[in-house]
Amino acid sequence: MDFDEALLNACSPELRTELLTEASMLAQAFAPEGRAEQLEAMAASLSSGQRDGWMHRARARRMAAALRHLAKGSES
């Protein structure tokens, strides 16, 4: 089972769209090459608790899942 996909699928369609849009914007700003390893590193940073105070743990976890989702798409 892919936990990240399950987490994203558990979100409302609106929240899922918001997360994927925000993840795409973050990727364009901080990983413009869009390489999977860059996106995975960003996701790992969020998941490990290395985030700014503005992002709650649950939101960071969902954002990490969205970044990993993008990383899987960039491997194709």
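Everything in this summary refers to the structure shown in the same document.

Quick notes on the overall build of the protein
Stage number 1. Within the protein, the secondary structure is distributed over four helices and zero strands.
Stage number 2. Counting helices and strands in the order they occur from the N terminus, the protein gives α-α-α-α.
Stage number 3. Each of the 76 residues in the protein was classed as buried or not, and the buried ones make up 34%.
Stage number 4. Counted over contacts in the protein with a minimum sequence separation of 6, partners at least 24 positions apart contribute 66%.
Stage number 5. Accessible area for the protein stands at about 4700 Å²; split by element, carbon and sulfur atoms hold 56% of it.

Quick look at the nonpolar core
Stage number 1. Grouped together as the largest cluster of nonpolar side chains are 19 residues, with contacts concentrated most on Leu8, Leu19, Leu39, Leu46, Met63, Ala66 and Leu67.
Stage number 2. Among the secondary structure elements, those contributing two or more residues to this core are α2 (13-30), α3 (36-47) and α4 (57-74).
Stage number 3. The element contributing the most residues to this core is α4, with seven residues.

A short note on the pattern of salt bridges
Side chains bearing opposite charge may pair, as long as their charged atoms lie close to each other.
Stage number 1. Within this structure, the stated rule accounts for seven salt bridges.
Stage number 2. We note a salt bridge from arginine 61 to aspartate 4, for which the minimum N-O separation is 2.9 Å. Here arginine 61, found in helix α4, pairs with aspartate 4, found in helix α1 (residues 3-10); they are 57 residues apart in sequence, far enough to count as distant.
Stage number 3. The residue arginine 68 makes a salt bridge to aspartate 4 at a minimum N-O spacing of 3.6 Å. Placement of arginine 68 in helix α4 and of aspartate 4 in helix α1 is noted, with a sequence separation of 64 residues between them.

Quick look at the packing of α1 against α2
Stage number 1. In contact at an axis separation of 7 Å, α1 and α2 are set at 125° when each is read in the N-to-C sense. Classified by the angle between their axes, α1 and α2 sit oblique to one another. Touching Glu5, Leu8 and Asn9 of α1 are Arg16, Leu19 and Leu20, all from α2.
Stage number 2. Of the residues contributing to the contact of α1 with α2, the split by class is three nonpolar, one polar and two charged.

About the thresholds
Residues numbered from 1 in each chain as written. Predicted model: local features only at pLDDT ≥ 70, side-chain atom pairs only at ≥ 80, totals over all residues. Heavy atoms only, no water. Helix = DSSP H or I, 4+ residues; strand = E, 2+ residues; numbered from the N terminus. Buried < 20%, exposed > 50% of the residue type's maximum accessible area, 1.4 Å probe, protein only. Contact = heavy atoms within 4.5 Å. Areas by Shrake-Rupley, 256 points an atom, 1.4 Å probe, with all protein chains shown as cover. Core = buried A, V, L, I, M, F, W, Y, C linked by side-chain atoms within 4.5 Å. Salt bridge = Lys/Arg side-chain N within 4 Å of Asp/Glu carboxyl O. Axes fitted to C-alpha atoms, helices over the stretch in contact; angles between N-to-C directions. Parallel < 35°, antiparallel > 145°, perpendicular 65-115°, else oblique. Nonpolar A, V, L, I, M, F, W, Y, C, P; charged D, E, K, R; others polar.

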